[in-house]
Amino acid sequence: MKLELRNRHALVCGASSGIGRATALALAAAGARVTTLARGEAELRNLVDELEGDGHGLLIADFDDQAGLDNILETSIQDLGPINILINNAGGPPGGPAHSADPDAFLHAFNRHLLSNQKLLQAILPGMRESGYGRVINIISTSVKEPISGLGVSNTIRGAVASWAKTLARELGKDGITVNNVLPGFTQTERLRSLFSAKAEKLGRSFEEIESEALASVPMNRFATPEETAAAVVFLASPAAAYINGINLPVDGGRLGSL
């Protein structure tokens, strides 16, 4: 099976590092034209230079600046032409229990994740409908199936994004648009290292101990690479996944205990 995305245009959010960066590279390798989006201009320019094929570009946006995002959607995104594939991906909130989180932390995370996703969808949806081809793929977390201890705000907001996606899948399927979620498990990213470091400091333990305990919970006895998660995203973005809609796809090495 060949995952061919030639003549498709993808917008990849959070593309400057980690899973987002790997996804942009993988989509371009499959033939898609890729527009990358993140806060770091230098990182995005380096990435665009690495992408296979032609016509790739970048947008500079910070999802914590909703006014700035609105401006980009009003002034820049329409100039890119129709976008067929939207990859929603943004850095998760800081750790900590839900019961002690500042209420503003929930609002901040809601804006960064769900509200930004909604604005991007509304800007891109007309082009998807016109072309009869659309893929909305949200890179979120296994916490939508099993909440993760110590990530109270993230668990809450990721769950909201998953429900948003399921609702959209039912609304947009008739237009040839699918909406799915990819749920990364422990993946070798700066985000994972940051979470382990914070946990180690809070508990007065070593980073290696925390990492070892996490690794022991993964049946495959290793962490994922960003490229492995990106491969799942490319499949869902491809014509081969045309009848897969409204799902949560874990890429976690079998760590989840739920079905």
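So, here is what we can say about the structure in this document. Just so we're clear, the structure is a prediction, and the values are computed from it rather than from any experiment.

Structural notes on helix H2 (residues 41-50)
Then step 1. Residues Leu44, Leu47 and Val48 constitute the buried set of H2. With its buried residues spanning 100 degrees around the axis, H2 presents them on a single face.
Then step 2. If you follow the buried residues of H2, they end up packed against helix H1 (18-29), strand E2 (33-38) and strand E3 (57-60).

As for the packing of aromatic side chains
For any two aromatic rings, the description comes down to two numbers: the centre-to-centre distance and the angle of the planes.
Then step 1. Tallied over the full model, the rule gives four aromatic pairs.
Then step 2. Between phenylalanine 186 and phenylalanine 223, the aromatic rings sit 5.8 Å apart at their centres with planes inclined by 65 degrees, giving edge-to-face as the arrangement. A residue pair is termed long-range when its members are at least 10 positions apart, and phenylalanine 186 in the loop between strand E6 (177-184) and helix H6 (190-203) and phenylalanine 223 in the loop between helix H7 (207-216) and helix H8 (226-237) qualify at 37 residues.
Then step 3. Phenylalanine 223 gets classed as buried once you look at its relative accessible area, which sits at 9%.
Then step 4. Here the aromatic cluster, defined as three or more aromatic residues joined through ring pairs, consists of Phe186, Phe196, Phe207 and Phe223.
Then step 5. Over the ring of tyrosine 133 we find arginine 8; its NZ or CZ atom is 3.8 Å from the centre of that ring.
Then step 6. Positioned over the ring face of tyrosine 133 is arginine 135, at 4.2 Å from the centre of the ring.

As for the pairing of E6
Consecutive residues of a regular strand have side chains that alternate between opposite faces of the sheet.
Then step 1. Here E6 lies mainly inside the structure; eight of its eight residues are buried.
Then step 2. Going residue by residue along E6, you find Ile177, Val179, Asn181 and Leu183 tucked away on one face and Thr178, Asn180, Val182 and Pro184 tucked away on the opposite face as well.
Then step 3. In this sheet, E6 lies alongside strand E5 (residues 134-139) in parallel orientation, the contact comprising six bridges. Within E6, the residue paired with isoleucine 139 across the bridge is valine 182.
Then step 4. Crossover handedness for the path E5 to helix H5 (residues 152-172) to E6: right-handed.

Some remarks on the pattern of salt bridges
Then step 1. The tally for this structure, following the rule as stated, stands at 10 salt bridges.
Then step 2. In this structure, glutamate 209 and arginine 205 form a salt bridge, with 3.9 Å as the shortest nitrogen-oxygen distance.
Then step 3. Under the relative-accessibility criterion, glutamate 209 is labelled partly exposed at 39%.
Then step 4. According to the relative accessible area criterion, arginine 205 is partly exposed, its value standing at 30%.
Then step 5. By sharing partners, the salt bridges in this structure join Arg205, Glu209 and Glu213 into a single network.

Some points on the environment of valine 12
Then step 1. Relative to the elements of secondary structure, valine 12 occurs in strand E1 (residues 9-13).
Then step 2. The spatial distance from the C-alpha of valine 12 to the C-alpha of serine 100 is 33 Å, given a sequence separation of 88 residues.
Then step 3. When near neighbours in sequence (up to four residues on either side) are disregarded, valine 12 contacts Gly20, Thr23, Ala24, Leu27, Val34, Thr35, Thr36, Leu37 and Ile87.

Some details on the pairing of E5
Then step 1. Of all six residues that make up E5, six are buried, and the element is covered over most of its length.
Then step 2. Across the two faces of E5 the burial is the same, with Gly134, Val136 and Asn138 and Arg135, Ile137 and Ile139 all buried.
Then step 3. The sheet contact formed by strand E4 (residues 85-88) and E5 spans four bridges and is parallel. Counterpart to asparagine 88 in the pairing with E5 is asparagine 138.
Then step 4. The handedness of the E4 to E5 crossover, carried by helix H4 (residues 103-131), is right-handed.

Looking at unusual backbone geometry
Then step 1. Of note in this structure, asparagine 7 is not a glycine but carries a positive phi near 70 degrees.
Then step 2. Within the secondary structure, asparagine 7 sits in the segment before E1.
Then step 3. With a phi close to 60 degrees, asparagine 221 is a non-glycine residue in the positive phi region.
Then step 4. Inspection of the secondary structure assignment puts asparagine 221 in the loop between H7 and H8.
Then step 5. Its relative accessible area of 54% is what places asparagine 221 among the exposed residues.

Regarding the sheet that holds E5
Then step 1. Overall, parallel pairing links the seven strands, which are arranged E3-E2-E1-E4-E5-E6-E7 in an open sheet. Edge strands, defined here as strands with exactly one partner in the open sheet, are E3 and strand E7 (248-251). Taken pair by pair, the neighbouring strands of this sheet meet at an average axis angle of 20 degrees, ignoring direction.
Then step 2. In the packing of H4 onto the sheet, contacts are made with E1, E4, E5 and E6, and the angle to E4 comes to roughly 170 degrees.
Then step 3. Packing of H5 onto the sheet brings it into contact with E4, E5, E6 and E7, and relative to E6 it is tilted by some 155 degrees.

Conventions and cut-offs
Along each chain, residues carry numbers from 1 onward, in the same order as the chain's sequence is written. Reporting in this predicted model follows two pLDDT cut-offs: at least 70 for local features of residues, and 80 or more for side-chain atom pairs to be given and counted; totals over whole chains, interfaces and linings ignore these cut-offs and use all residues. The side-chain figures draw on all heavy atoms in the structure; neither hydrogens nor water molecules are used. Residue burial is assigned from relative accessible area. The probe radius is 1.4 Å, only protein chains are included, and a residue is buried under 20% of its type maximum, exposed over 50%, and partly exposed in between. Secondary structure elements are taken from DSSP: a helix is a run of H or I of four residues or more, a strand is a run of E of two residues or more, and numbering for both begins at the N terminus. Taken from the helix axis, the directions to the C-beta atoms give the arc we talk about. Should any heavy atoms of two residues lie within 4.5 Å, those residues are considered in contact. Classification of ring pairs rests on two measures: the distance between centres of Phe, Tyr or Trp rings, Trp counted by its six-membered ring, which must be within 6.5 Å, and the angle between planes, read as stacked under 30 degrees, edge-to-face over 60 and tilted in between. Only when the NZ atom of a Lys or the CZ atom of an Arg is both within 6 Å of the ring centre and within 35 degrees of the ring normal do we say a charge sits over the ring. Here, a strand pair is defined by DSSP locating no fewer than two bridges between the strands. Orienting the strands away from the viewer, one traces the path from the first strand over the helix to the second; a clockwise path indicates a right-handed crossover. Salt bridge, as used here, is a side-chain nitrogen of Lys or Arg placed within 4 Å of a carboxyl oxygen of Asp or Glu. Axes here mean lines fitted to C-alpha atoms, for a helix over just the part in contact, with angles spanning 0 to 180 degrees between N-to-C directions.

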